[in-house]
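# Observations on chain architecture
Listed below are the residues making up each chain.
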Amino acid sequence: MKPSRLSVFSRWSSRVTVPVVALTLAGLAATGCAPSTSDNSSKEDEKSGKLRVWLFQEVNNAPKKKVIDDAVADFEKKHDGTEVEVTYIPIDTRAQKIKAAFNDPKSAPDAIEFGNTDTAGYVKDGGLLDISKAFGSWGDSTNIDPTAKYSLTIGGKVYGAPLFVGVRALYYRTDVFKDLDLEPPTTQDELIATAKKIHSERSDLYGLAVGGAYTYGAMPFIWANGGDLANEKGKFGSNEYEAAIDSADAQKGIKAYASLFGDDNCPAAKCAQWGGNDTVEAFASGKAAMAIGGDFNRHAIEAGKVKGKFKVVPLPGVKRGDIAPAFAGGNNVGVLKSTSHRTLAVDLLESLAGKQTQRKLYDAMGFLPTFTDVRGDVAQKDSFVKPFVKTLNDSAKFVPASPGWAAIDAQLVLPTMFQEIVSGRKSVETATKDAAKKMDEAFQQ
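Residues numbered from 1 in each chain as written. Predicted model: local features only at pLDDT ≥ 70, side-chain atom pairs only at ≥ 80, totals over all residues. Heavy atoms only, no water.

As recorded in an unreviewed UniProt entry, the chain goes by the name Extracellular solute-binding protein, listed as coming from Streptomyces malaysiensis subsp. samsunensis.

In structure tokens, the structure reads:
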């Protein structure tokens, strides 16, 4: 992925793809060089006073602030003698700031917002509070989708609540498909064939914009073919992994994705360096007939040249009727171990991540709710999100819930692997085995 503070073509995509490169690099800089986090667990549980919260600063933060202000006002009304101070922190430097807070309880907030792939690392750092008991008794939690809960669960314990979720599907140009008498593809083979047919008929267009550095665009091809990034060792929930990127099924999916790089669709000389932003930009600017984009890319695409000339369908799987699994990204909120207001902080968490707040965040920001019932209501009112909701409900997946995933991202293990393959520098077999070795080293560390 490109740096997380994305271009104007991807207004919301930093919310979902933020864990990939820039922020994990920052995270490693903070966690790798800083002293290990000591046990700063607080024994206090004050029932009044000031609670401090750190949330991420959005490009246009006013709508988010209004929603959060309403949730805070409702919380303060229900808890006499409490005050909530919300600070919006820059997303690009949040890794250093949050790590510093883990090491300095006196300056630390009571609760924070964080990317959902950050959970395992923050738990390893000893910064997040186990709220399993409270989460289990929270009435709203029964409607949280399993993938969102999985992103919070480390070693069988829950370390926060999901705030919103995002997923990718297939954007396609309705005008191009009509001109060429094409139907939206219903299998992976059809997708690849359609992309190449479009480029053969319209040489000015990439059939399907793809990127060698677009890890989350490639993952569905691996998962759809029965492959995986890694397998969990031992019992489910152990959060110990070994790489599976070099398995036969994973290699099959990688070969399918790599087949889209070439003069018959998206030339490797150009597209090998692209990340997710670049593919979305190519589609939004009218240079591609299809792109794998997120619900969070909607505003950017509607602001481009293809406004009113595109639709979205779930990314097809290998078999007709199947949906290719897609990464469920998003953000969570959690309570710090060092809080002296444990009960209040958990109550505040439930207000910030509750159904009412998530519904308002969707209306204000377009962030998809993590509650299946609320998401269903949203899809009924806004047909655009139906393909994304269907993908989330039917086939969403998550990356390994391991602290090692941050190192894998920061070292660009998967983008490097894809770029080596599509450029012809390494075979699929060699590149995947090399990547698997690096992944295992990261997991073991």
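And the narrative resumes.
### Quick notes on the environment of leucine 51
Short version of the rule: Segments assigned H or I by DSSP are reported as helices when at least four residues long, segments assigned E as strands when at least two residues long, and all are numbered from the N terminus. We call a residue buried when its accessible area falls under 20% of the maximum for its residue type, exposed when it is over 50%, and partly exposed in between, using a 1.4 Å probe and counting protein chains only.
Within the fold, leucine 51 resides in strand S1 (residues 49-56). Look at leucine 51 and you get buried, because its relative accessible area is 0%. In sequence terms leucine 51 and valine 84 are 33 residues apart; their C-alpha atoms lie 4.8 Å from each other.

### Some points on the sheet that holds strand S13 (residues 329-335)
Rule in force here: Note: two strands are recorded as paired if DSSP finds a minimum of 2 bridges between them. Geometry is summarised by axes, namely lines fitted to C-alpha atoms with helices restricted to the contacting stretch, and by angles between N-to-C directions that run from 0 to 180 degrees. A contact between two residues is defined here by any heavy atoms of the two lying within 4.5 Å.
In space, the five strands of this open sheet follow the order S2-S1-S3-S13-S6, with mixed pairing throughout. A single partner strand is all that each edge strand has here, and the edge strands are strand S2 (82-89) and strand S6 (161-166). Neighbour-to-neighbour, the strand axes of the sheet open up by a mean angle of 15°, direction not taken into account. On top of the sheet, helix H3 (residues 62-78) reaches S1, S2 and strand S3 (111-115); it is set at about 160° to S2, its chief contact.

### Quick look at the nonpolar core
So the rule is basically this: We define a nonpolar core as any set of buried Ala, Val, Leu, Ile, Met, Phe, Trp, Tyr and Cys residues linked to one another through side-chain atoms lying within 4.5 Å.
Judged by nonpolar contacts, the single largest core of 119 residues is most densely connected at Leu229, Ile245 and Met439. In terms of residue count, helix H21 (residues 428-444) provides more of this core than any other element does, seven residues in total. In this structure methionine 439 touches Leu229, Ala243, Ile245, Trp405, Ile408, Val413 and Leu414, once residues within four positions along its chain are discounted. In terms of nonpolar packing, the next biggest core, distinct from the first, is built from 24 residues, Val306, Phe310, Val385 and Phe388 among them.

### Examining helix H4 (residues 94-103)
How we decide: The arc in question is the one spanned by the directions pointing from the helix axis to the C-beta atoms.
The set of residues buried in H4 consists of Arg94, Ala95, Ile98, Lys99, Ala101 and Phe102. For H4, the buried positions fall inside an angular range of 155° around the axis, keeping them on one side.

### Overview of the pairing of S1
On any regular strand, side chains alternate: one points to one face of the sheet, the next to the other face. So the rule is basically this: If you view a crossover with the strands going away from you and the path from the first strand over the helix to the second runs clockwise, you call it right-handed.
Two strands pair when backbone bridges link them, and S1 and S2 are joined in this way by eight bridges, in the parallel orientation. Along S2, the bridge assignment pairs tryptophan 54 with threonine 87. Regarding topology, H3 serves as the crossover connection from S1 to the parallel S2, and that connection is right-handed. In this structure, S1 lies alongside S3, joined through two bridges in parallel fashion. Within S3, the residue paired with valine 53 across the bridge is alanine 111.

### Considering the pattern of salt bridges
Note the following rule: Salt bridges are defined as contacts in which a side-chain nitrogen from Lys or Arg sits within 4 Å of a carboxyl oxygen from Asp or Glu.
Counted by the stated rule, this structure contains 25 salt bridges. For the salt bridge of aspartate 264 with lysine 196, the shortest nitrogen-to-oxygen distance reads 3.4 Å. Here lysine 196 lies in helix H9 (residues 188-201) and aspartate 264 lies in the loop between helix H11 (248-258) and helix H12 (268-271), a separation of 68 residues in the sequence. Owing to a relative accessible area of 24%, lysine 196 belongs among the partly exposed residues under this scheme.

### Digging into the state of the cysteines
Put simply, the test is: In what follows, a disulfide is any cysteine sulfur pair within 2.5 Å.
Across all of its chains, the model carries one disulfide by this definition. A sulfur-sulfur separation of 1.9 Å characterises the disulfide bridge that pairs cysteine 266 with cysteine 271. Across the S-S bond of cysteine 266 and cysteine 271 the torsion is about -85°, and the bridge reads as left-handed. Judged by relative accessible area, which is 0%, cysteine 271 ranks as buried.

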